[in-house]
Amino acid sequence: MREKILVIDDDEKITSMLRRSLAFEGYTVMTANNGLEGLKQILDHDPDVVVLDVMMPQLDGWEVCRRIREGGSQVPVLMLTAKDEVSDRVRGLDLGADDYLVKPFALEELLARVRVLLRRRAADKAEQPTNRLHYLDATMDLDTREVFRGDKLIELTTKEFDLLHLFLQNPKRVLSRDLIMEKIWGYDYSGESNVLEVYIALLRQKTEEFGHKRIIHTVRGAGYVLRGDN
């Protein structure tokens, strides 16, 4: 599978040049012309590396980087800036950027830094224990049966845990009510007919505590889905 690179920059000449060059290197390339659009692309496409310009209208690169890390994403971020000030580099790194490149830059150097970040990300994924599931800032440890959003521990009952486990195994896939009932309660369940709706409400309440955004959504007429929008 080809690695996905997201370029967030309001300079169309830069985004066009990087789109062509990165695609030529074999990457899948996405672009965004402002910070808000870039954040949405991260949620929708889960890129492997983000190339992020600092100076943008509406939402600058520092704020975008802060929100990326605040949301729990560990995607590698390469920041681009026209300023060569130590204080700017320190600020970006303190906010969670992984690397820093000053404009104007040599394309060969940017490509080399992207390769380094991709190798680092692959190594990090290889070191992650296979008994953990992740989606955005949600983490489930199957050994300890602990669930976190960011650094906040969420206390779940057995059924709530099993229900969230099913969603984490199928991110962005719409799960029908019948499928969920079969997987969690079994074929022979004969209890309350609204049990799923009750547990969805409880799970939302617990996973949205401390101001976290909703990740379990209703798809009217189809079922429920784990995704990061809204």
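Please read all numbers here as calculations on a predicted model, not as lab measurements.

## Description of the domain arrangement of the protein chain
Here is step 1 of the chain: Annotation of the protein chain at the domain level lists domain 1 (4-126) and domain 2 (132-226).
Here is step 2 of the chain: Taken over C-alpha atoms, the centre of domain 1 sits 32 Å from the centre of domain 2.
Here is step 3 of the chain: Taken together, the contact pairs five residues of domain 1 with four residues of domain 2.
Here is step 4 of the chain: In total, domain 1 and domain 2 occlude about 340 Å² of area from one another, counting both sides; carbon and sulfur atoms represent 48% of this.

## Quick look at the sheet that holds strand β7 (residues 138-141)
Here is step 1 of the chain: With antiparallel pairing, the four strands of this open sheet are ordered in space as β6-β7-β8-β9. The open sheet terminates on both sides in strands that have one partner only, identified here as β6 (132-135) and β9 (152-154). When the angles between neighbouring strand axes are averaged without regard to direction, this sheet yields 25°.

## Thoughts on the environment of lysine 172
Here is step 1 of the chain: On the secondary structure map, lysine 172 appears in the loop between α6 (158-169) and α7 (177-185).
Here is step 2 of the chain: For lysine 172, a relative accessible area of 39% translates into the label partly exposed.
Here is step 3 of the chain: Residues lysine 172 and isoleucine 215 lie 43 residues apart in sequence; the distance between their C-alpha atoms is 9.8 Å.

## Let's talk about the nonpolar core
Grouped burial of nonpolar side chains is what soluble globular proteins tend to show.
Here is step 1 of the chain: Counting residues in each nonpolar core, the largest one holds 26 residues, and the members touching the most others are Leu163, Leu164, Phe167, Ile180, Leu196 and Ile216.
Here is step 2 of the chain: Put simply, the parts of the chain that give this core at least two residues each are β6, β7, α6, α7, α8 (195-207) and β11 (223-226).
Here is step 3 of the chain: At six residues, α6 tops the list of elements feeding residues into this core.
Here is step 4 of the chain: Counting 20 residues, the second-largest nonpolar core is a separate cluster that includes Leu6, Met30, Val75 and Met79.

## Structural notes on the confidence of the model for the protein chain
Here is step 1 of the chain: In this model, the protein chain carries a mean pLDDT of 88, and residues with pLDDT of at least 70 account for 93%.
Here is step 2 of the chain: The least confident element of the protein chain is helix α4 (residues 86-94), whose mean pLDDT is 77; the most confident is strand β1 (residues 4-8), at 96.

## Comments concerning the packing of aromatic side chains
Here is step 1 of the chain: Applying the stated rule across the entire model yields one aromatic pair.
Here is step 2 of the chain: Judged by centre distance (5.4 Å) and plane angle (65°), the rings of tryptophan 185 and tyrosine 199 are edge-to-face. Residue tryptophan 185 is found in helix α7, and its partner tyrosine 199 is found in helix α8; the two are separated by 14 residues along the sequence.
Here is step 3 of the chain: On the basis of relative accessible area, tryptophan 185 is assigned to the buried category, the value being 12%.

Calculation criteria
Residues numbered from 1 in each chain as written. Predicted model: local features only at pLDDT ≥ 70, side-chain atom pairs only at ≥ 80, totals over all residues. Heavy atoms only, no water. Domains from an automatic or database assignment. Contact = heavy atoms within 4.5 Å. Buried area = accessible area lost by both parts, 1.4 Å probe. Pairing = 2+ DSSP bridges. Helix = DSSP H or I, 4+ residues; strand = E, 2+ residues; numbered from the N terminus. Axes fitted to C-alpha atoms, helices over the stretch in contact; angles between N-to-C directions. Buried < 20%, exposed > 50% of the residue type's maximum accessible area, 1.4 Å probe, protein only. Core = buried A, V, L, I, M, F, W, Y, C linked by side-chain atoms within 4.5 Å. pLDDT = per-residue confidence, 0-100. Phe/Tyr/Trp six-rings, centres within 6.5 Å; stacked < 30°, edge-to-face > 60°.

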